[in-house]
Amino acid sequence: MKLIAITGGIGSGKSVVARLVQVMGYDVYDCDSRAKALMLENDTVKQQLVDAFGKETYLDDGTLNRQHLSAVAFSDDSALARLNGIVHPATASDMQQWAQAQAGTGHEVAFVETALLRTAGLDRLVDEVWHVTAPVSVRIPRVMARSGLTEGQVAERIAAQSLEETVAPGEQVIINDDDSAVLPQVLRLLGEKQ
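Here the residue numbering is sequential within each chain, running from 1 through the sequence in written order. pLDDT decides what is reported in this predicted model: residues at 70 or higher carry local features, side-chain atom pairs at 80 or more are listed and counted, and totals for whole chains, interfaces and linings draw on all residues regardless. Side-chain metrics rest on all non-hydrogen atoms present in the structure, leaving aside hydrogens and water.

*Asks:* Outline the sheet that holds strand 3 (residues 109–114), supporting the account with residue identities and numerical values.
*Replies:* As summarised here, the arrangement of the five strands in space is 2-3-1-4-5, forming an open sheet in which the pairing is parallel. With one partner strand each, in any of the chains shown, strand 2 (28–30) and strand 5 (172–175) form the two edges of the open sheet. Mean inter-strand twist for the sheet, computed between neighbouring axes without regard to direction, equals 20 degrees. Criterion used throughout: strands pair if DSSP finds at least two bridges between them. For helices the rule is a DSSP run of H or I covering at least 4 residues; for strands it is a run of E covering at least 2, with both sets numbered from the N terminus onward. For strand 1 (residues 2–7) and strand 4 (residues 128–133), the ladder comprises four bridges, and the chain directions are parallel. Bridging from a neighbouring strand, A5 pairs with V129 of strand 4. Relative to strand 2, helix 2 (residues 31–41) is tilted by about 50 degrees, and along the sheet it contacts strand 2 and strand 3. Axis definition: a line fitted to C-alpha atoms, over the contacting stretch in the case of helices. Angles run 0 to 180 degrees between N-to-C directions. Any pair of residues with heavy atoms lying within 4.5 Å of one another is described as a contacting pair.

Written out as structure tokens, the structure reads:
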């Protein structure tokens, strides 16, 4: 089975591409939602987060205190590195288990949606990369509209993901700049898989 990563910076539109391929019948592993689930369900991950960021990392009802974790992680590079060092290996392991299960279904292609392909080391685990791009001037308003974050907060997150911005040689590019139609680009890339 071929595993294809759909990646791009925050607000680039990688989720749009992931939804398109999912509607077309392909399985998609969403790293962001799985990482969030692991931070709530995986006892080892939970304990590591509490050890690294304090008991206030979880609210009294057991839910993740996202406000606390975001404030700590996005204001300090070493804290972000600690967070990534806990969550990324757990997500990569979970993704590999998912991919093995997909291989047993007989599907020829499956997808992994991730904003942090290189940072999480997932680039070594996939066969191909589709890199979704959009100008920062388009991405910031998109993220602000859906998240309630300020322009400055979005800019911080874009800066924190700077390693992910460069399109590496051999990666397929999908332009999602609000002027270029995304569906024909996805269909072309899927046609190349046939």
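Following the structure, the description resumes.
*Asks:* Residues and numbers for the pairing of strand 4, please.
*Replies:* Only protein chains enter the accessibility calculation, which uses a 1.4 Å probe; a residue whose area is less than 20% of its type maximum is buried, one above 50% is exposed, and one in between is partly exposed. With five of its six residues buried, strand 4 lies for the most part within the structure. Relative to strand 5, strand 4 is paired through four bridges, and the arrangement is parallel. Bridge pairing in strand 5 links T133 to I175.

*Asks:* Tell me about the packing of aromatic side chains, residues and numbers included.
*Replies:* Pairing of aromatic rings covers Phe, Tyr and Trp, the last through its six-membered ring, and needs centres within 6.5 Å; plane angles under 30 degrees mean stacked, over 60 mean edge-to-face, and all others mean tilted. Per the stated rule, a full pass over the model turns up three aromatic pairs. Their ring planes at 50 degrees and their centres at 5.5 Å tell us that Y29 and W98 sit as a pair that is tilted. With Y29 in strand 2 and W98 in helix 5 (residues 77–103), this residue pair connects regions lying 69 residues apart in the sequence. Of the two residues, Y29 and W98, both sit in the buried class. Members of the aromatic cluster, joined through ring pairs, are Y26, F111 and W130. Our definition puts a charge over a ring when NZ of Lys or CZ of Arg is within 6 Å of the ring centre and also within 35 degrees of the ring normal. Against the face of Y58 rests K46, its NZ or CZ located 5.7 Å from the ring centre.

*Asks:* So what's going on with the nonpolar core? Residues and values would help.
*Replies:* What we call a nonpolar core is a set of buried Ala, Val, Leu, Ile, Met, Phe, Trp, Tyr and Cys residues that are connected through their side-chain atoms within 4.5 Å. Of all hydrophobic cores here, the largest spans 16 residues; its most connected members are M39, L49, F53, L83 and V87. Put simply, the parts of the chain that give this core at least two residues each are helix 2, helix 3 (43–53), helix 4 (66–73) and helix 5. The contact partners of L49, leaving out residues within four places of it in the chain, are M39, G54, T57, Y58, L83, I86 and V87.

*Asks:* Break down the environment of L117 for me, citing the residues and quoting the values.
*Replies:* Structurally, the position occupied by L117 is in the loop between strand 3 and strand 4. Look at L117 and you get buried, because its relative accessible area is 1%. Those residues in contact with L117 that lie beyond four places of it in its chain are A5, T7, L122, D123, V126, V129, E164 and E171.

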